[in-house]
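A look at the structure
Listed below, chain by chain, are the residues.
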Amino acid sequence: RRFTKYTLWSLGKIPVGVIQSLGILSRERPAVILSFGSYVAAPVVLAGWVLGIPVITHEQTVKGGLSNRFIARFSKRIALAWEHSKEFFPKEKTIVVGNPIRKELLNLERKRVSRPVIYITGGNQGAHAINEMVMDILADLLKEYEVIHQTGGSEVHKDYESLTALANQLPPRLKTRYTIAKWFNTDETVEVFSRASIVVGRSGANTVVETMALGLPAVYIPLPISANNEQTKNAKVMEELGAAVILPQDRLTPKRLLAAINMVVKDYKKYRESAKKAQKVLKLNAASLLAKETLELVK
């Protein structure tokens, strides 16, 4: 995003990527290209446009990312997750389909729990800033709640190892209330969400959409370095519907995180009702709508 000693080297990769993409697409000759944005997609889309292959791109976030705003120029169709996003793209190309959601999550059955279950997640890569806060308040959380914690597997910070060691020092009664893992696969995620009362974590597009789809309240700590501050914009969708609390990372402390969780639990009925209303904002058939639009381009 800024000029450094690596900028020219990085820019030099773009034409190489386009040439490589031209070679691959010329061999494969796809009928259509379905893009989900990001800098990786840009050379492929550009090469597809040169070869006359129709392109449809999907924008997951509220405000279109830099790559997708570039890709949109070469796309026949722009599929959006949110109605708000129309202002960032040519209206004659756009259609709102929603964000595809794993069907396993849509079909899960909620389970009864004896106490509120707090699901803390940093996404696939984990979130060190959140994990650090949890270390300070873990014992306090476990006195009142059950905690399921997805830490990520960072070899730099080793949060999983530190939190596992901390959990092993807890009294047996509290230790049994804590489940920790580096990652959860889809089946494990279904099990977690079937029991979760509140989600605490980043506010990437998938996290927000899956939380909304399940009608769960959330405490979001947006990633401060996300492009165009997109994670804050994602979180605001839920906050404005009364279903989430946003904690900016620059103001995050263990005490504030604990207070936010306690506040949502205290007014759980209100937050849960708002989250169920948020659920109705989503297009739960987004995957089939996107597939339909893609096949229409083939025709």
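Look up a bit, the structure's there.
The structure reproduced in this document is the subject of the present report. (Residues numbered from 1 in each chain as written. Predicted model: local features only at pLDDT ≥ 70, side-chain atom pairs only at ≥ 80, totals over all residues. Heavy atoms only, no water.)

The next thing to look at is helix H12 (residues 268-279). Over its twelve residues, H12 extends 16 Å from the first C-alpha to the last, a length consistent with the 16 Å expected when each residue adds 1.5 Å. When H12 is considered as a whole, its buried residues turn out to be Tyr271, Arg272, Ser274, Ala275 and Ala278. Looking straight down H12, one finds that the buried residues subtend no more than 165° of arc, so they occupy a single side. The exposed set on the far side of H12, more than 90 degrees from its buried face, consists of Lys269 and Lys277. (Helix = DSSP H or I, 4+ residues; strand = E, 2+ residues; numbered from the N terminus. Expected span 1.5 Å × (residues − 1). Buried < 20%, exposed > 50% of the residue type's maximum accessible area, 1.4 Å probe, protein only. Arc of directions from axis to C-beta.)

Here the focus is the nonpolar core. Trp82, Tyr119, Phe193, Met212, Tyr220, Met238 and Leu282 are the most contacted members of the largest nonpolar core, which has 33 residues in total. Those elements giving two or more residues to this core turn out to be strand E5 (117-121), helix H8 (186-195), helix H9 (205-213), strand E9 (218-220), helix H10 (230-240), strand E10 (244-246) and H12. When residues in this core are grouped by element, the largest group, four residues, is from H9. The residues touching Met238, leaving out its near neighbours within four places in the chain, are Val208, Thr211, Met212, Leu216, Ala218, Tyr220, Ala243, Ala244 and Ala278. Of all hydrophobic cores here, the second largest spans 30 residues; its members include Ile137, Ala167, Leu257 and Ala260. (Core = buried A, V, L, I, M, F, W, Y, C linked by side-chain atoms within 4.5 Å. Contact = heavy atoms within 4.5 Å.)

What follows concerns the packing of helix H5 (residues 128-144) against helix H11 (residues 254-266). How two helices pack is summed up by the angle between their axes together with the distance between the axes. Relative to each other, H5 and H11 sit at 45°, their axes nearing to 9 Å. Our classification of the angle between H5 and H11 gives oblique. Here the hand of the crossing between H5 and H11 comes out right-handed. Note on element contacts: H11 touches H5 through Pro254, Leu257, Leu258 and Ile261, opposite Met133, Val134, Asp136, Ile137, Asp140 and Leu141. (Axes fitted to C-alpha atoms, helices over the stretch in contact; angles between N-to-C directions. Parallel < 35°, antiparallel > 145°, perpendicular 65-115°, else oblique. Left-handed = near helix turned anticlockwise from the far one by under 90°.)

Moving on: the sheet that holds E10. One open sheet holds the six strands; their spatial order is E7-E6-E5-E8-E9-E10, and the pairing between them is parallel. In this open sheet, the two strands that pair with only one neighbour each are strand E7 (178-181) and E10. Taken pair by pair, the neighbouring strands of this sheet meet at an average axis angle of 15°, ignoring direction. Relative to E10, E9 runs parallel, the two sharing three bridges. Its bridge partner being in E10, Tyr220 is matched across the sheet by Ile246. Along the sheet, helix H6 (residues 159-168) contacts strand E6 (146-150) and E7; its crossing angle with E7, the most-contacted strand, is approximately 160°. In the packing of H10 onto the sheet, contacts are made with E9 and E10, and the angle to E10 comes to roughly 140°. (Pairing = 2+ DSSP bridges.)

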